Amino acid sequence: MKYDMEFFEHHWMPFTSNRDFKSDPRMVVRGEGVYLYSHEDERILDGSSGMFCCAAGHSRPEIAEAVYSQLKELSYVAPFQLAQPLSFELARRIAALTPAGLDHVFFGNSGSEAVETAVKIAYAYHYARGEGQRHRFVSRERAYHGVNLAGVSLSGMMKNRQAFGPGLPGVVHMRHTWLPENRFVKGQPETGMELAEDLERLAQQLGPDTIAACIVEPVAGSTGCLVPPKGYLDRLREICDGHGIVLIFDEVICGFGRLGTAFGADAFGVIPDIMTMAKALTNAAQPMGAVAVSNKIHGMITASAVDGAIELFHGYTCSAHPAACAAGIATLDIFEKEKLIERAADLSGYFLEQIFALSDIAMITDIRGYGLFAGFDLEPGEAPGVRGLDFQKRLYRNGLHLKMTGDAGLVAPPLISEKRHIDRLCDILRRTLAEY
Ligand SMILES: Cc1ncc(COP(=O)(O)O)c(C=O)c1O
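First things first, this report covers the structure right here in the doc. Source: prediction; values computed, not measured.

1. Observations regarding the sheet that holds strand S2 (residues 35-38)
Within a sheet, neighbouring strands are paired by backbone hydrogen bonds and run either parallel or antiparallel to one another.
At step 1: Spatially, four strands are ordered S1-S2-S3-S13 in an open sheet, and the strand pairing comes out mixed. Only two strands of the sheet have a single partner each, and these edge strands are strand S1 (28-32) and strand S13 (400-401).
At step 2: Pairing between S1 and S2: four bridges, direction antiparallel. Paired with glutamate 32 across the bridge in S2 is tyrosine 35.
At step 3: Sitting on the sheet, helix H15 (residues 419-433) touches S2, strand S3 (43-46) and S13, and the angle it makes with S3 is about 105 degrees.

2. Overview of the site of the ligand
At step 1: Lining the immediate surroundings of the ligand are Ser110, Gly111, Ser112, Tyr144, His145, Gly146, Glu217, Ser222, Asp250, Val252, Ile253 and Lys279.
At step 2: At a separation of 2.7 Å, a nitrogen atom of the ligand approaches a polar side-chain atom of aspartate 250.
At step 3: For the ligand, whose accessible area on its own is 390 Å², the fraction buried by protein is 85%.
At step 4: Here the residues of the shell around the ligand sort into three nonpolar, six polar and three charged.

3. What about the packing of aromatic side chains?
At step 1: On inspection of all chains with the given rule, the structure shows eleven aromatic pairs.
At step 2: Consider the rings of phenylalanine 52 and phenylalanine 373, whose centres lie 5.7 Å apart with planes at 70 degrees: the pair is edge-to-face. Of this pair, phenylalanine 52 sits in helix H2 (residues 49-52) while phenylalanine 373 sits in strand S12 (residues 373-378), and the two are 321 residues apart along the sequence.
At step 3: Phenylalanine 52 sits in the buried class, given a relative accessible area of 4%.
At step 4: Centre to centre, the rings of phenylalanine 256 and phenylalanine 335 are 6.2 Å apart; their planes meet at 70 degrees, and the pair counts as edge-to-face. Of this pair, phenylalanine 256 sits in the loop between strand S8 (246-250) and helix H10 (264-268) while phenylalanine 335 sits in helix H12 (residues 322-337), and the two are 79 residues apart along the sequence. Of the two residues examined, phenylalanine 256 and phenylalanine 335, each falls in the buried class.
At step 5: Members of the aromatic cluster, each reached through a chain of ring pairs, are Tyr3, Phe7, Phe8 and Phe21.

4. As for the environment of glutamate 197
At step 1: The topology assignment puts glutamate 197 in helix H8 (residues 197-206).
At step 2: Accessibility expressed as a relative area gives 28% for glutamate 197, which makes it partly exposed.
At step 3: Separated by 35 residues in the primary sequence, glutamate 197 and tyrosine 232 place their C-alpha atoms 8.9 Å from one another.
At step 4: In this structure glutamate 197 touches Arg235 and Ile239, once residues within four positions along its chain are discounted.
At step 5: Within the structure, the side chain of glutamate 197 is placed 2.6 Å from the side chain of arginine 235, a separation counted as a polar contact.

5. With respect to the side chain of histidine 401
At step 1: Here histidine 401 shows up in strand S13.
At step 2: At a separation of 2.9 Å, a polar atom in the side chain of histidine 401 contacts the main-chain carbonyl oxygen of glycine 50.
At step 3: Residues contacting histidine 401, with those up to four places away along its chain left out, are Leu36, Ile44, Leu45, Asp46, Gly47, Ser48 and Gly50.

6. Section: the packing of helix H13 (residues 340-356) against H15
At step 1: Where H13 contacts H15, the axes come no closer than 10 Å and their chain directions differ by 15 degrees. By the angle between their directions, the pair H13 and H15 is classed as roughly parallel. Seen from above, H13 lies across H15 with right-handed handedness. Contacts from Leu347, Tyr350, Phe351, Gln354 and Ile355 of H13 reach H15 at Lys419, Ile422, Asp423, Leu425, Cys426 and Leu429.
At step 2: Among the residues forming the contact of H13 with H15, the class breakdown is eight nonpolar, one polar and two charged.

7. Re helix H14 (residues 386-397)
At step 1: End to end, H14 covers 17 Å across twelve residues, agreeing with the expected 16 Å (1.5 Å per residue, within 8%).
At step 2: Buried within H14 we find Arg387, Gly388, Phe391, Lys393, Leu395 and Tyr396.
At step 3: Glycine 399 occupies a position one or two residues after H14 and carries a positive phi of about 95 degrees.

8. Section: the sheet that holds strand S15 (residues 408-411)
At step 1: Strand order across the open sheet formed by four strands is S11-S12-S15-S14, with antiparallel pairing between neighbours. The open sheet has two free edges, formed respectively by strand S11 (364-370) and strand S14 (403-405), since each of these has just one partner strand. Taking each pair of neighbouring strands and ignoring which way they run, the sheet shows an average axis angle of 20 degrees.
At step 2: Across four bridges, the pairing between S12 and S15 is antiparallel. Residue aspartate 377 lies in a different strand from S15, and its bridge partner there is alanine 408.
At step 3: The strands touched by H14 are S12 and S14; relative to S14, the strand with the most contacts, the crossing angle is about 170 degrees.

Conventions adopted
Residues numbered from 1 in each chain as written. Predicted model: local features only at pLDDT ≥ 70, side-chain atom pairs only at ≥ 80, totals over all residues. Heavy atoms only, no water. Pairing = 2+ DSSP bridges. Helix = DSSP H or I, 4+ residues; strand = E, 2+ residues; numbered from the N terminus. Contact = heavy atoms within 4.5 Å. Axes fitted to C-alpha atoms, helices over the stretch in contact; angles between N-to-C directions. Near = heavy atom within 4 Å. Polar contact = N/O pair within 3.5 Å; in protein donor to acceptor, adjacent residues only side chain to side chain. Areas by Shrake-Rupley, 256 points an atom, 1.4 Å probe, with all protein chains shown as cover. Nonpolar A, V, L, I, M, F, W, Y, C, P; charged D, E, K, R; others polar. Phe/Tyr/Trp six-rings, centres within 6.5 Å; stacked < 30°, edge-to-face > 60°. Buried < 20%, exposed > 50% of the residue type's maximum accessible area, 1.4 Å probe, protein only. Parallel < 35°, antiparallel > 145°, perpendicular 65-115°, else oblique. Left-handed = near helix turned anticlockwise from the far one by under 90°. Expected span 1.5 Å × (residues − 1).

Structure, rendered in structure tokens:
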């Protein structure tokens, strides 16, 4: 099918060079398993699980059927002071996967909303325990925490912040964990743990009792798969414990098997107080985000309200939407039945080996990876990101979808992938790089 320019007029696409796209559209009309199909019926291997979300592969009938039956039975219930059973069922299933002690789940509609919710829960927790002066948040350079204003303020990506005003007051950033000496290190780098001391320095500079929370992605995802140095997350945990700071892991990418474990917390053996999640939770078949909260924080906030009062003044019209809950439960059923987390762990060694084999290509200046997730940097072109976009378009024409952030490529195949898909992915990467 061909589209004329008029067809493209009205949809303002997110994070897209709209004018460029409309002159050279990349339209996807169908998905199945690890493949997408373009409007020209070209088959495209999905090298990034959409955007790290279609862990169980595309268009899973089990999820579609669960959503369809739910919508026919009950398509909506006001989620304030009313409920429907699937939300409790899904929360129970999530709590069974999260580390022990993070047993309470709050639902929203996206990763960005999960981050906003986590921030508000951290504020509310300190307020409830009489420490409402804790108004600062510590984040990190090169972090991505979504696009709502708190998340943008927490993010450490200049382009995502620069046009949008001052943001949330009181946000400070630690340094990121990418170090030149750790280039081409597979898994966790041995060096760099001392970067966690930035949190201690900020606490000493600003007053530890002014800091509400420290938020990090276990592996910084969107800016290029930055794997935490050994000991780094443990040290953040220690510093938070020492100063009563809430530790939030943003698991929106890392969660649900991406690192070969249920969550990043499990991969690195560090348990946060609050965890955000989204994306693979419903296989992205329905929009949903969620926040898992420790019993301690949940208990403090709920106990601080008088009987009959609302405990947390927060929620969305579509919190715990029945269709999203149905999709989440069906997704977790697939995770269990097909042992997707174990599969990711089993495939990880081969995947990383094949990806790191690309390090002989001169244009690749670094590769990082953990689990079924890898990032590589391309030598920039005339301006940052120009080569990245050009490369992404070439890959698509050569039959591979890959998420690029600037000049960094993010490889995150569906967890159902087989070795032959990894081979194909690497082959297209290599062939496309040879075009330059
Ligand atoms: C770590 C992290 N947090 C939050 C978000 C925002 O999620 P969403 O795009 O669903 O709002 C993302 C999205 O990529 C993410 O990677």
